[in-house]
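Remarks on the overall topology
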Amino acid sequence: MIRLLLIFVFGLMVSCSHKDISPSPNIKLISESDYFQTIKKNARQQQVYSGLYNAIDMTAAAVNTEVSEAQVDQMARVFIWDEAKYTQEKATADGKLRKEAEFFVSFFTPERKHDDLNKNKTLWKIFLDVDGKRYEGKTTKIKLLTEELQSLYPFHNRFSTPYSIVFPIPMKNIEGANNIKLTITGPVGTSTVDFGKAASN
């Protein structure tokens, strides 16, 4: 999905010259406002305080079927895809959903040295609990400008660090689970966001 995000963001930079051009009329896309509503619906936030200080501020979005399909629609709009390209990218996104579960995480902690989720020797543990089973994920720091990421995830801000966390379980397999919890925990504190069935509705 990171590859798709990079492609999408590049497209945003050239989209202004294509405002009067639409993708193939046979492609039915959700509107941009519906896209942002989809992201909002599938995002969860938790703030953790130590006394009066904000120790952790985490907002995560599940890149589930609904979000993945919405992002493909956004890219189709930006790149003015034809039916063949749109169908191909939909298949690619669907294949990823059948292979792994991805979450976009906007993460803030006041100490810069503690903001190291992607490092091998990070002080944090990150895991996904799904109906009693626990999975550990791989974290990648997303190196895009804040403005670029906000066009995809409007809840992200310049004070937070963007991460992609991928777990070795198909997203398609867990979307109907009653209990889906993403946890980031360490000496600074613990932040858990609960998705459950609400994230796939």
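Let us look at the structure shown here. The shown structure was predicted, so the numbers you read here are calculated from the model rather than taken from an experiment. (Residues numbered from 1 in each chain as written. Predicted model: local features only at pLDDT ≥ 70, side-chain atom pairs only at ≥ 80, totals over all residues. Heavy atoms only, no water.)

A closer look at the nonpolar core
- Phe103, Val105, Phe107, Phe167, Leu182 and Ile184 are the most contacted members of the largest nonpolar core, which has 29 residues in total.
- Elements represented by at least two residues in this core include exactly β2 (53-62), β3 (101-108), β4 (125-130), β7 (161-167), α6 (171-174) and β8 (180-186).
- At 5 residues, β2 tops the list of elements feeding residues into this core.
- With residues near it in sequence (within four places) discarded, Phe167 still touches Glu100, Ala101, Phe103, Ile126, Phe127, Leu128, Tyr135, Glu136, Gly137 and Leu182.
- Core analysis: the next-biggest nonpolar cluster, separate from the first, contains 13 residues, Ala61, Ala70, Leu152 and Tyr153 among them. (Core = buried A, V, L, I, M, F, W, Y, C linked by side-chain atoms within 4.5 Å. Buried < 20%, exposed > 50% of the residue type's maximum accessible area, 1.4 Å probe, protein only. Helix = DSSP H or I, 4+ residues; strand = E, 2+ residues; numbered from the N terminus. Contact = heavy atoms within 4.5 Å.)

Notes on a positive patch on the surface
- Among the surface-exposed residues, Arg112, Lys119, Lys141 and Lys143 lie close enough to one another that they form a single positively charged patch.
- Position of Arg112 relative to the elements: it lies in the loop between β3 and β4. (Patch = residues over 30% accessible without salt bridge, like charges linked within 9 Å, V, L, I, M, F, W, Y side chains within 5 Å. Areas by Shrake-Rupley, 256 points an atom, 1.4 Å probe, with all protein chains shown as cover. Salt bridge = Lys/Arg side-chain N within 4 Å of Asp/Glu carboxyl O. Lys, Arg positive; Asp, Glu negative; His and termini not counted. Charge placed at Lys NZ, Arg CZ, Asp CG, Glu CD.)

Some details on the packing of aromatic side chains
- What the rule picks out here adds up to 8 aromatic pairs.
- Plain terms: the ring middles of Phe79 and Trp81 are 6.3 Å apart, the flat faces sit at 10° to each other, and that makes the pair stacked.
- Members of the aromatic cluster, each reached through a chain of ring pairs, are Phe103, Phe167 and Phe195.
- Over the ring of Trp81 we find Lys85, and its NZ or CZ is 5.7 Å from the ring centre.
- Here Arg134 stacks its cationic end above the ring of Phe127, 3.6 Å away from the centre of that ring. (Phe/Tyr/Trp six-rings, centres within 6.5 Å; stacked < 30°, edge-to-face > 60°. Lys NZ or Arg CZ within 6 Å of the ring centre and 35° of its normal.)

Focus: the sheet that holds β2
- Strands sit in the order β1-β2-β3-β7-β6 across an open sheet of 5 strands; the sheet is antiparallel. Since the sheet does not close on itself, it has two edges, and those belong to β1 (43-50) and β6 (138-141), each with one partner. In this sheet, neighbouring strand axes are inclined to one another by 25° on average, regardless of whether the strands run parallel or antiparallel.
- Of the pairings in the sheet, the one linking β1 to β2 comprises 8 bridges and is antiparallel in character. Pairing of Gln46 across the sheet is with Met58, part of β2. (Pairing = 2+ DSSP bridges. Axes fitted to C-alpha atoms, helices over the stretch in contact; angles between N-to-C directions.)

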